[in-house]
Amino acid sequence: MTTLDNRPNTALLVVDVQNGVVDEGHERDAVVANIGGLVGKARREGVPVVWVQHSDEGLVRGSEEWRIVGELNREDAEPLVEKSYGDSFEDTDLERVLAELKVGRLVVVGAETDACIRSTLHGAMVRGYDATLVGDAHTTVDKTEWGAPAPEQVIAHTNLYWRFQAAPGRKGGTVKSEDVEFSG
């Protein structure tokens, strides 16, 4: 359904699953395990896995906090997109990477739900991609001290509203890890 021409492929987009981003994340171990399972499934099915890694003054490139969590291993052939804004497309080469792979549909996992995940989902749809969120494969930290809802509420709300996202010629959607279909 993507509005991008000649883009029949799907990619798994793994956003910011880095030590300093997810270590305090809600249900961190379960989320990372779900992401690991999806990475394995994508590889077995020949689906591209594209990694996104954030850096800024609080997440210094090369630091332990900046590194992708130890449970996940990016293969050398898998693209790595470095970013410094919430939207994984903003001021990065993600669009070029996806164009080369003929990707028009993204399956999105990672962190943080209420920041880079939401920004990337919306950024994808605005740019013509279909974007499916994996509801049990994203997380956020507790920001209640700043007036935010509890992490489980943030995650539930994001899963709910993204399930019904659509735009002309594009669709969103939320699925559980066990229900991910890379072919559709």
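Quick notes on the rules
- Residues numbered from 1 in each chain as written.
- Predicted model: local features only at pLDDT ≥ 70, side-chain atom pairs only at ≥ 80, totals over all residues.
- Heavy atoms only, no water.
- Core = buried A, V, L, I, M, F, W, Y, C linked by side-chain atoms within 4.5 Å.
- Buried < 20%, exposed > 50% of the residue type's maximum accessible area, 1.4 Å probe, protein only.
- Helix = DSSP H or I, 4+ residues; strand = E, 2+ residues; numbered from the N terminus.
- Contact = heavy atoms within 4.5 Å.
- Pairing = 2+ DSSP bridges.

### Considerations on the nonpolar core
Step number 1: Membership of the largest hydrophobic core comes to 24 residues, with the highest contact counts inside it found for Leu12, Val14, Val17, Ile35 and Val109.
Step number 2: Elements with a contribution of two residues or more to this core: strand 1 (9–15), helix 1 (19–22), helix 2 (28–44), strand 2 (49–54), strand 4 (103–111) and strand 5 (130–139).
Step number 3: The leading source of residues in this core is helix 2, at 6 residues.
Step number 4: For Val14, the residues in contact, after removing those within four places along its chain, are Ile35, Val39, Val49, Val50, Trp51, Val52 and Val109.
Step number 5: Formed by 23 residues, the second largest nonpolar core is a distinct cluster that contains Val15, Phe89, Cys116 and Ala131.

### Points about the pairing of strand 2
Step number 1: The element strand 2 is largely enclosed, with a buried count of 6 among its 6 residues.
Step number 2: The alternating pattern of strand 2 places Val49, Trp51 and Gln53 on one face and Val50, Val52 and His54 on the opposite face, and all of these are buried.
Step number 3: In the sheet, strand 1 pairs with strand 2 via 4 bridges, with the strands oriented parallel. Bridge assignment links Val14 to a residue of strand 2, and that residue is Trp51.
Step number 4: The pairing of strand 2 with strand 3 (residues 80–83) spans 4 bridges and is classified as parallel.

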